[in-house]
Amino acid sequence: MIRKLTGEDNGKVMDFLSDEPSINLFIIGDIEAFGYDTSFQELWGEFTEDGTLIAVFLRFHNSFIPYAKGSFSVQQFAEIMKLYSDRPVLSGKAAIVEQFEGAAGLSLGRKQRTFFAECRTTDHLGSTDLLVKKAAISDVDRIIQLRSTIDEFVVNENAREMLIQAMESGTGRTFYTEDDGTVTACASTAAENSLSAMVVGVCTHKNYRRKGHATAVMQKLFKDVLEEGRILCLFYDNPDAGRIYKRLGFKEIGMWTMYR
């Protein structure tokens, strides 16, 4: 049976999701931030006859994330998506979301697969002599300026507002290095919740690469989050980036697939 979830289901839902807190970072964060009853966010659960929860399905605007630990009703969740969008954005653990490729009548966008990794310990972080600062709202414009110079980045037109909102709401933080007023490297978190946080926006000014700036920023950011008891997680598809993250203590825990 599939039905809408409500606040009364929250304990059962969080227990179900917390077995994989990194994989479920977005679902957990959105529940903590917005709950079960808003115009832009809804959640459904699939239950067995004895009331055991076996799948959770999140809608956030026209984006959808499913999570299950075994078999679930793929086609029924696909029918829900079709009610909201002709071309939904679907993402999640690869083994789960790729089952929707066979759903009848569902039009999925371009497929992107990335590695998903998490870090639970500060043991491999090391230290740095570089001065690393935590960004304030007054630093946002300089952070966005650096990101806009990075060829690999596509800076969202609302990036400034999103970064400020993350700082004000406590769902994200940014650390950076600078030289004579120029931001030389930065790294941020996003979608922070009570269990985990996503690493985003790691970049280095082209004139300061291979000088340890990005590593120094990540060391400080990662330590700051991990010492609060949260798990760090991130996506990557660049092997060079993957090697750096692994040196800092990240371990691959699966693949993440997005259709958009």
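That block above? That's the structure.
Source: prediction; values computed, not measured.

Draft legend 1. Spotlight on the overall build of the protein chain. Summing up its helical and strand segments, the protein chain has eight helices and twelve strands in all. Computed over C-alpha atoms, the radius of gyration of the protein chain comes to 19 Å, within 12% of the 18 Å expected from 2.2 N^0.38 for 260 residues, which places it in the range of a compact globule. Principal axes of the C-alpha set define a box for the protein chain whose edges measure 60 × 35 × 35 Å. Residue pairs at least 24 apart in sequence account for 66% of intrachain contacts in the protein chain once pairs closer than 6 positions are excluded.

Draft legend 2. Here's a closer look at the packing of aromatic side chains. All told, the structure shown has 21 aromatic pairs when counted by the stated rule. Taken together, W44, F57, F64, F72, F77, Y84 and F100 form an aromatic cluster joined through their ring pairs.

Draft legend 3. Just the nonpolar core, in detail. Counting 64 residues, the largest nonpolar core has L17, I27, V56, F100, F222, L232 and F250 as the members making the most contacts within it. For this core, the element with the highest residue contribution is helix α7 (residues 213-226), accounting for seven residues. Not counting the four nearest positions on each side in its chain, F222 is found in contact with L125, V199, L232, L248 and F250.

Draft legend 4. Molecular detail of unusual backbone geometry. One non-glycine residue, D180, lies in positive phi territory at about 55 degrees. Among the structural elements, D180 can be located in the loop between β8 (174-179) and β9 (182-190). Even without glycine at this site, A191 takes up a positive phi of about 55 degrees. Summarising the element assignment, A191 is placed in the loop between β9 and β10 (196-204).

Draft legend 5. Spatial organisation of helix α1 (residues 10-17). For α1, the full list of buried residues reads V13, M14, F16 and L17. Looking down the long axis of α1, one finds its buried residues gathered within 160 degrees of arc, a one-sided arrangement. Close packing links the buried residues of α1 with α2 (25-34), β3 (53-60) and β4 (63-68).

Draft legend 6. Geometry of the sheet that holds strand β6 (residues 111-119). Overall, mixed pairing links the twelve strands, which are arranged β1-β2-β3-β4-β5-β12-β6-β11-β10-β9-β8-β7 in an open sheet. Sheet topology places β1 (2-4) and β7 (133-134) at the edges, where each strand pairs with a single neighbour. Taken together, the six bridges between β8 and β9 define a ladder with antiparallel strand orientation. Residue T177 lies in a different strand from β9, and its bridge partner there is A185. Along the sheet face, helix α8 (residues 239-247) touches β10, β11 (231-236) and β12 (251-259) and points at about 165 degrees away from the line of β11.

Draft legend 7. Representation of the packing of helix α5 (residues 140-148) against helix α6 (residues 159-169). At a minimum axis separation of 10 Å, α5 and α6 run at an interaxial angle of 130 degrees. As summarised for this structure, α5 and α6 are arranged oblique, according to the angle between their axes. Of the two elements, α5 crosses α6, and the hand of that crossing is right-handed. Contacts between α5 and α6 involve V140, D141, I143, I144 and R147 on the former and, on the latter, A159, R160, L163, I164 and M167. Classifying every residue of the contact of α5 with α6 by side-chain character gives seven nonpolar, no polar and three charged.

Draft legend 8. Just the side chain of R173, in detail. Inspection of the secondary structure assignment puts R173 in the loop between α6 and β8. Residue contacts for R173: discarding those within four places in its chain leaves K134, A187, S188, T189, E192, L221, D224, V225, E228 and R230.

Draft legend 9. Summary view of the pattern of salt bridges. For the structure shown, the criterion picks out 21 salt bridges. Salt-bridge contacts for E178 lead to R142; the nearest nitrogen and oxygen are separated by 2.8 Å. Taken together, the residues E178 in strand β8 and R142 in helix α5 connect sequence positions 36 residues apart. Residue E178 is classed as partly exposed on the basis of its relative accessible area of 27%. With a relative accessible area of 27%, R142 lands in the partly exposed category.

Draft legend 10. Seen up close, α5. Those residues of α5 that sit buried are V140, I143, I144, L146 and R147. On an axial view of α5, the arc spanned by its buried residues comes to 160 degrees, and they lie on one face. Contact partners of the buried residues in α5: α6, β8, β9 and β10.

Each value, and the rule that gives it
Residues numbered from 1 in each chain as written. Predicted model: local features only at pLDDT ≥ 70, side-chain atom pairs only at ≥ 80, totals over all residues. Heavy atoms only, no water. Helix = DSSP H or I, 4+ residues; strand = E, 2+ residues; numbered from the N terminus. Rg over C-alpha atoms; globule rule 2.2 N^0.38 Å. Contact = heavy atoms within 4.5 Å. Phe/Tyr/Trp six-rings, centres within 6.5 Å; stacked < 30°, edge-to-face > 60°. Core = buried A, V, L, I, M, F, W, Y, C linked by side-chain atoms within 4.5 Å. Buried < 20%, exposed > 50% of the residue type's maximum accessible area, 1.4 Å probe, protein only. Arc of directions from axis to C-beta. Pairing = 2+ DSSP bridges. Axes fitted to C-alpha atoms, helices over the stretch in contact; angles between N-to-C directions. Parallel < 35°, antiparallel > 145°, perpendicular 65-115°, else oblique. Left-handed = near helix turned anticlockwise from the far one by under 90°. Nonpolar A, V, L, I, M, F, W, Y, C, P; charged D, E, K, R; others polar. Salt bridge = Lys/Arg side-chain N within 4 Å of Asp/Glu carboxyl O.

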